[in-house]
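What follows is the residue order along each chain.
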Amino acid sequence: MTAIQMNAEILRNMSIIAEDENLLKRAAKYMRKLVAEKQADPTLMTKEEFFARVDEAREEIRQGKGKRFTNPEEMNAWLNSL
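I will try to describe carefully the structure that is included in this document. Here the structure is a predicted model, which is why all the values come from computation and not from measurement.

Some points on the packing of aromatic side chains
Per the stated rule, a full pass over the model turns up two aromatic pairs. Judged by centre distance (5.1 Å) and plane angle (80°), the rings of Phe-50 and Phe-51 are edge-to-face. We classify Phe-50 as partly exposed; its relative accessible area is 42%. Under the relative-accessibility criterion, Phe-51 is labelled partly exposed at 44%. On the numbers, 5.6 Å between centres and 45° between planes, the contact of Phe-69 with Trp-78 is tilted.

So, in structure tokens, the structure goes:
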């Protein structure tokens, strides 16, 4: 299902929900919860934000700011230290 199709489905359902005050209150409460979850989770990002971070990491590596490991044990030790 595409984003356009999902938006259309949500709008269709909202037009039905809008006729019932109790359902509308429940939908509003749930949407506030979803927004709070998105704002609280720093790992959630848009595609553009993700690729911007990848580009930033590539630039840091180009500048010599990256980490290098000679074996998996060294990498695991570093990860465990975080």
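Focus: the layout of surface pockets
Left-over empty space is what a probe sized like a water molecule reveals as it rolls over the atoms. The volume enclosed by the largest pocket comes to roughly 210 Å³. Along the walls of the largest pocket sit Ile-10, Asn-13, Met-14, Ile-17, Ala-27, Tyr-30 and Met-31, which together make up its complete lining. Listing elements by their share of the lining of the largest pocket, those giving two or more residues are α1 (3-17) and α2 (21-40). Counting residues per element, the lining of the largest pocket draws most heavily on α1, which supplies four residues. In terms of residue class, the lining of the largest pocket is made up of six nonpolar, one polar and no charged.

What counts and what doesn't
- Residues numbered from 1 in each chain as written.
- Predicted model: local features only at pLDDT ≥ 70, side-chain atom pairs only at ≥ 80, totals over all residues.
- Heavy atoms only, no water.
- Phe/Tyr/Trp six-rings, centres within 6.5 Å; stacked < 30°, edge-to-face > 60°.
- Buried < 20%, exposed > 50% of the residue type's maximum accessible area, 1.4 Å probe, protein only.
- 1 Å grid on protein atoms, 1.4 Å probe; cavity = no way out; pocket = protein on both sides within 12 Å on 5 of 7 lines; lining within 4 Å.
- Points joined across faces, edges and corners; volume = space filled by probe spheres on them.
- Helix = DSSP H or I, 4+ residues; strand = E, 2+ residues; numbered from the N terminus.
- Nonpolar A, V, L, I, M, F, W, Y, C, P; charged D, E, K, R; others polar.

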